[in-house]
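Coordinates in review
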Amino acid sequence: MTTDPVCGMSVDPAESVANRKHQGQTYYFCSEDCARKFDANPESYIQRSPEGNHRQKGFRAASLNTGVADDMVGPVHVELPLVGLDCATCVQTVERALGDVDGVQEVHVNFPLSTAHVVYEQERATLPQLIDTVKQAGYDVGVADMRVQIEALHCASCVQTIETKLLQVPGILEATVNPGTDIAHISYLPKQVDFAGIRSAINSTGYETVKRVEEAETVDDETTAHQREYKSLMRKFWFATAVSIPVMLVAYPELPWLYLPNLFVGEASEALIRSLFALSGLAALAVMAYSGRQFFTGALAAFRHHSADMNTLIALGTSAAWIYSTVALIIPTLFPEGTATPFYDVAAVVTALVVLGQALEVRAKGQTSQAIRKLLDLQAKTARVLRDGQEVEIPVEEVLVGDIVVVRPGDKIPVDGEIVEGRSAVDESMVTGESLPVDKESGDEVIGATVNTTGSFKFSATKVGKDTALAQIVKLVQDAMGSKAPIARLVDVVSGYFVPTVMITAVLTFLIWFNFGPSPALAFAVVTAVTVLIIACPCAVGMAVPMSLVAGVGKGAEHGVLIRNGEALQTASKLKTIVLDKTGTITKGKPELTDTLPAPGFDAATLLRYAASADILSEHPLAQAIVNGARSQGIDLVEPEQFDAIPGHGVDTRVEGRRVFVGNIKLMRREGIEVSAVESELERLQGDGKTAMYVAVDGQMAGVVAVADTIKEDSIQAIQVMQEMGLQVIMLTGDNERTGQAIARLVGIDRVLAEVLPKDKAQEVHMLKQGGEKVGMVGDGINDAPALVEADVGFAIGTGTDVAIEASDITLMSGSLKGVPYAIEVSRATMRNAKQSLFGAFMYNSLGIPIAAGLLFPFFGVLLSPIIAGAAMAASSVTVVSNANRLRFFKAKSFKEVTT
Amino acid sequence: MNATQIIVNLSGLIIIAWVVWYFWMYRKEGVQVVETSGVQEAVIRVKGGYDPDVIVVKRGKPVRLHFNRQESAMCSEMVVFDQIDQSAKLPEGETVTIEFTPEKRGEIPFQCQMGMLRGKVIVQ
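Here is what the cut-offs are and how they apply
Residues numbered from 1 in each chain as written. Chains lettered and ligands numbered in written order. Predicted model: local features only at pLDDT ≥ 70, side-chain atom pairs only at ≥ 80, totals over all residues. Heavy atoms only, no water. Helix = DSSP H or I, 4+ residues; strand = E, 2+ residues; numbered from the N terminus. Rg over C-alpha atoms; globule rule 2.2 N^0.38 Å. Buried < 20%, exposed > 50% of the residue type's maximum accessible area, 1.4 Å probe, protein only. Contact = heavy atoms within 4.5 Å. Areas by Shrake-Rupley, 256 points an atom, 1.4 Å probe, with all protein chains shown as cover. Buried area = accessible area lost by both parts, 1.4 Å probe. Salt bridge = Lys/Arg side-chain N within 4 Å of Asp/Glu carboxyl O. Phe/Tyr/Trp six-rings, centres within 6.5 Å; stacked < 30°, edge-to-face > 60°. Core = buried A, V, L, I, M, F, W, Y, C linked by side-chain atoms within 4.5 Å. Pairing = 2+ DSSP bridges. Axes fitted to C-alpha atoms, helices over the stretch in contact; angles between N-to-C directions. Arc of directions from axis to C-beta. pLDDT = per-residue confidence, 0-100. Patch = residues over 30% accessible without salt bridge, like charges linked within 9 Å, V, L, I, M, F, W, Y side chains within 5 Å.

A count of helical and extended segments in chain B gives one helix and 11 strands. Each helix and strand of chain B, placed in order from N terminus to C terminus, yields the pattern α-β-β-β-β-β-β-β-β-β-β-β. Over its C-alpha atoms chain B spans a radius of gyration of 19 Å, topping by over 25% the 14 Å that the globule rule assigns to 124 residues. Once the C-alpha set of chain B is aligned to its principal axes, its extents read approximately 65 × 35 × 25 Å. Buried positions account for 45% of the 124 residues belonging to chain B. Here the contacts in chain B between residues at least 6 apart in sequence split such that 53% fall between residues at least 24 apart. When the accessible area of chain B is evaluated, it comes to approximately 6300 Å², of which 55% is carbon and sulfur surface.

What follows is the structure, encoded as structure tokens:
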């Protein structure tokens, strides 16, 4: 055995496809292609071939990064980027763990840089082994993914060669080459290898690396696959059409609409007619073999699995027509007088029509899943990252957790993270559906794929790659699209029996016509049996629900409503009762200043200025709410000269030389301050569920300020919409009855379940379910998790980048209640759509099959042509997909009213 | 009824009986998976069906099913494990792995999205 110098494959000289003599040495090749490449530039290959290595002493792969040739022995140095290294003691843990690996000679973990420098012997330890060790120690290694397009991969065994070569490059952990797409998928350590290194490794196997495939392109793989499929089907269609026309002319010479009277066969001799039919037969065979190939291969594959599908029906139908015609043509005497008429046109035209239907279906399907593509297109391609104090632009896949990312005005935020410096407003509409930009400052979370507006900031990456919110959303949506709605499970049972039933029906049809049909009975029997096979459309039945589901889930995702699966969607469409948690769901969950009521002798601004200045040093959330409220009204605050917080009472301070008390009645009584002027106001505010505080200045009552957890801007509208949709809305709160009722009145809810302890929320939901109606629960994913799980559909209010909330069936990314009616509307529309398609498909089959069998013939003398059946079958599956596509234009009526 | 008719009718009935037997009654034997270092792994070729389509595994141990789709027909584009809430797109030519740990004895069916291609994992 010798080695092909171009692709590196082992070649037996005796069986080699080609050989070349170069500088006195003979080289053998696995293929002509390799030989051609060698001819073009022999030197470049000889260098690499093992035979040639001695000539080029010390030859190594071109890149420094990949500076190890396959024959190299000795220790290898690697730099592993570590993730999750948050304490100096972790250093020892990692060092010890790595040091214990057999073959590791030296380990040094650098804590500030979060890297591990490892020296190991390649033949005793492997990189994946080292990474596993780090993982077992409880940490992770920052790994990046890359896809590379390789040119002209012509044999499957070359794949092996390239994979092996890539795996020899230190820093590459995993390499798989897809011969279908010619793309190599590589996992690597970004600080060890870069694209140049990977390219030189691939080039060293004799293949050209065309380019690095951007993530956005790889997500288009599916689109590309669909387009390829579409083009190939269309080519098949055009071929079938071109052949079908002359075949039709031969079959129907008398058809007046063809306006070619007697041109072909009218006055032709018997012999000529026969040879024309024979030609038609060959042409139809060509159509079946080329255009209809997938029906036969598909049918055969299914047959081997003891199953049958649409391919089986079409293959059986067209081949039955063809075989009958051929027998009739060759041995007409076998059949009764008058039945030996070939109908090759059926085989050709039906193939053409069904292939066209499939092509249209592929195209329409591509549109259905557009939502996912839109999401993926949001991904930023590059990130500006600080590395060693330098700002470098790197591909987004190479960003590691902990990297400091620099975001300038108008930039797309590449990954999820936490702002460490600067402030800005970020447009998160693409992810959350929230249309207004959100203010962000130090400590706030930013979501990858959202767009920065005018400010600039730096953030520390917290989630990259598969963990980012966007990646999770995509995964969630994809999973949901692939899940089953319960209604589809029923359909599955039916479709399992569908095709064999049709086959049996076809046989029965044949027998009935054969036994009881008018003359020529055999011809009628064959045509009707073929028509039954062709008209039946299991695809339409099977596709109805999944197609609508894909469109509906996608539609939800466009508005930041993530539906977990088909079951959630179907149940959401049946909801009758919605339970809303108060805090954080209807309200913002954060106190805000609501009222400033001055006592006689003070004005509101002065009152607020004193109250807020007095509270400026306090860390109490209520105090902070007053301070923030004053600031937002543009009031200048001063720091108090003296500040004293009295637990359970309030604060005792000195502001601009005046003694200011802010607190409750106990504080006022202790200080002997008269409260009667504002006492009734305070009680009224408390009655409304607010927290009210007295403010006294120099022993005199200055007024009352109140803070409360305020209602989100759109909660009232959202609740109104839900009620208009016929849903019963119930509020659930831990507050007392009076406070609860006060909030409920404000938002228009009649029914309140007050004083419910957090642990009892699930029980309350359970009780409501006893009524027999479907109950939805809306709350946050943490405190309300048990209640969300208990409910038929749990809606979790999204919190930043935490997308996959375990307990929820539906996640509302925007945090707005508007998502609830929207989700229900989308679900209802989707289920309606699915049922339409399903009903249509069932009706089509249950009417079409009997008609095809000739049920109308005894009464009206009507018989369906197999060609019409083919057209109807193609049209019915296209209709199902198109109907699902209508959902793309779905506009939630109520939602629209709310937003305008 | 002449001889031809009898033959035709009989053949028809035989075909019907055969269809019933071949597609509905036939019970396939499952393929026992190979277990390597505690993981039960099987490669499933997707081409007009799942090959093998009945996979026998032991409960309590992780199962890794590597699906390799070798066709472009859109039917098999996705594999759905409804019972365990998992699904995956199967790009042509690539190997996609579904991993789960069966805890209960029984059957875990899987299928394409339209339910035309089917297979199952039998948990023993």
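The discussion continues.
Each partner contributes to the interface: chain A provides 46 residues, whereas chain B provides 42 residues. Here chain A packs against chain B, burying approximately 3900 Å² in sum over the two surfaces, 59% of which is carbon and sulfur. Taken as a group, His305, His306 and Ile504 of chain A account for 18% of the area that chain A buries against chain B, more than any other trio of residues on that side. Across the chain A-chain B interface, the total number found is one salt bridge.

All right, on to the packing of aromatic side chains then. For the structure shown, the criterion picks out 25 aromatic pairs over all chains. Note on Phe239 of chain A and Tyr290 of chain A: the rings are 5.2 Å apart at their centroids and 90° apart in plane angle, and the pair reads as edge-to-face. With a gap of 51 residues between them, Phe239 of chain A in helix H9 (residues 221-251) and Tyr290 of chain A in helix H10 (residues 270-290) connect regions that are remote in the sequence. An angle of 25° between the planes, with centres 4.9 Å apart, marks the rings of Phe81 of chain B and Phe110 of chain B as stacked. Placement of Phe81 of chain B in strand S7 (residues 78-81) and of Phe110 of chain B in strand S10 (residues 106-112) is noted, with a sequence separation of 29 residues between them. Of the two residues examined, Phe81 of chain B and Phe110 of chain B, each falls in the buried class.

Turning next to the pattern of salt bridges. In this structure the tally under the stated criterion is 26 salt bridges over all chains. The partner of Arg609 of chain A in a salt bridge is Glu656 of chain A, with the nearest N and O atoms 2.7 Å apart. With Arg609 of chain A in helix H22 (residues 604-615) and Glu656 of chain A in the loop between strand S26 (650-655) and strand S27 (658-663), the pair connects residues that are 47 residues apart, well separated along the chain. The exposure class assigned to Arg609 of chain A is partly exposed, which follows from its relative accessible area of 25%. Residue class for Glu656 of chain A comes out partly exposed when judged on its relative accessible area of 41%. The closest approach of N and O atoms between Glu99 of chain B and Arg64 of chain B, which form a salt bridge, is 3.4 Å. Here Arg64 of chain B lies in strand S6 (residues 63-69) and Glu99 of chain B lies in strand S9 (residues 95-100), a separation of 35 residues in the sequence. Assessed through its relative accessible area of 40%, Glu99 of chain B is described here as partly exposed.

In summary, soluble globular proteins display a tendency toward joint burial of nonpolar side chains. Counting 180 residues, the largest nonpolar core has Ile578, Leu580 and Phe795 of chain A together with Leu65, Phe67 and Phe81 of chain B as its most contacted members. The greatest single-element share of this core, amounting to 14 residues, is contributed by helix H30 (residues 819-853) of chain A. Other than its neighbours up to four places away in sequence, Phe67 of chain B contacts Ile44, Val46, Tyr50, Val79, Phe81, Leu90, Glu94, Thr95, Val96, Ile98 and Phe110 of chain B. Of all hydrophobic cores here, the second largest spans 24 residues; its members include Val91, Val107, Val141 and Leu173 of chain A.

Right, let's talk about the sheet that holds strand S18 (residues 438-440) of chain A for a bit. Within a sheet, adjacent strands bond to each other through the backbone by hydrogen bonds, running parallel or antiparallel. With antiparallel pairing, the three strands of this open sheet are ordered in space as S18-S17-S20 (chain A). Two strands in the sheet have a free side with no partner beyond their single neighbour: S18 and strand S20 (451-452) of chain A.

All names here are of chain A. Reading across the sheet, the four strands line up as S6-S7-S5-S8 and stay open at both edges, with antiparallel pairing between neighbours. Only two strands of the sheet have a single partner each, and these edge strands are strand S6 (104-110) and strand S8 (140-141). Sheet strands touched by helix H5 (residues 127-136): strand S5 (75-83), S6, strand S7 (115-121) and S8. Its angle to S5, the strand with the most contacts, is close to 35°.

Residue and element names in this part refer to chain A. For helix H26 (residues 715-724), the full list of buried residues reads Ser715, Ala718, Ile719, Val721 and Met722. An end-on view of H26 places all buried positions within 160° of arc, on one side of the element. Of the residues flanking the end of H26, it is Gly726, one or two places downstream, whose phi is positive at about 90°.

Now for the confidence of the model for chain B. Put simply, chain B has an average pLDDT of 84, and 100% of its residues get 70 or more. Mean pLDDT across the secondary structure elements of chain B bottoms out at strand S2 (residues 34-36) of chain B, with 76, and peaks at helix H1 (residues 3-25) of chain B, with 90.

Turning to unusual backbone geometry, a few remarks are in order. Note: most peptide bonds trans; most residues except glycine with negative phi. Residues Asp51 of chain B and Pro52 of chain B are joined by a peptide bond in cis, for which omega reads 0°. If you trace the backbone, Pro52 of chain B turns up in the loop between strand S4 (50-51) and strand S5 (54-57). A positive phi angle, close to 50°, is found at Glu755 of chain A, a residue other than glycine. Secondary-structure assignment places Glu755 of chain A in the loop between strand S31 (751-753) and helix H28 (761-769).

Moving on: the side chain of Ser307 of chain A. With respect to the element layout, Ser307 of chain A can be found in the loop between helix H11 (293-304) and helix H12 (310-330). Look at Ser307 of chain A and you get buried, because its relative accessible area is 19%. With residues up to four places along the chain from it excluded, the contact list for Ser307 of chain A reads Ala302 of chain A together with Phe23 and Met116 of chain B.

Another point: the environment of Lys574 of chain A. Mapped onto the fold, Lys574 of chain A is located in the loop between helix H20 (566-572) and strand S23 (577-581). Put simply, Lys574 of chain A and Val775 of chain A are 201 residues apart on the chain and 8.9 Å apart in space, counted from C-alpha to C-alpha.

Right, let's talk about a nonpolar patch on the surface for a bit. On the surface, Phe303 of chain A together with Trp18, Trp21, Met25 and Tyr26 of chain B cluster together into a nonpolar patch covering about 510 Å² of accessible area. Ranked by residues supplied to the nonpolar patch, first place goes to H1 of chain B with three residues. With respect to the helices and strands, Tyr26 of chain B occurs in the loop between H1 and strand S1 (31-32).

Residues with a pLDDT of 70 or more make up 88% of chain A, whose mean pLDDT is 81. Here residues 215-219 of chain A is modelled with pLDDT under 50, and outside its nearest four sequence neighbours on either side it reaches six contacts, counting other chains as well.

Residues and elements named next belong to chain A. In this structure, Thr318 sits in helix H12. The exposure class of Thr318 is buried, given its relative accessible area of 1%. Other than its neighbours up to four places away in sequence, Thr318 contacts Met288, Phe296, Ala347, Val350 and Thr351.

Attention now moves to H28 of chain A. All names here are of chain A. For H28, the full list of buried residues reads Lys761, Ala762, Val765 and Leu768. Projected down its long axis, H28 shows its buried positions confined to an angular sector of 120°, all on one face. Those residues of H28 that are buried lie in contact with S23, strand S30 (728-732), S31, strand S32 (775-780) and helix H29 (785-790).

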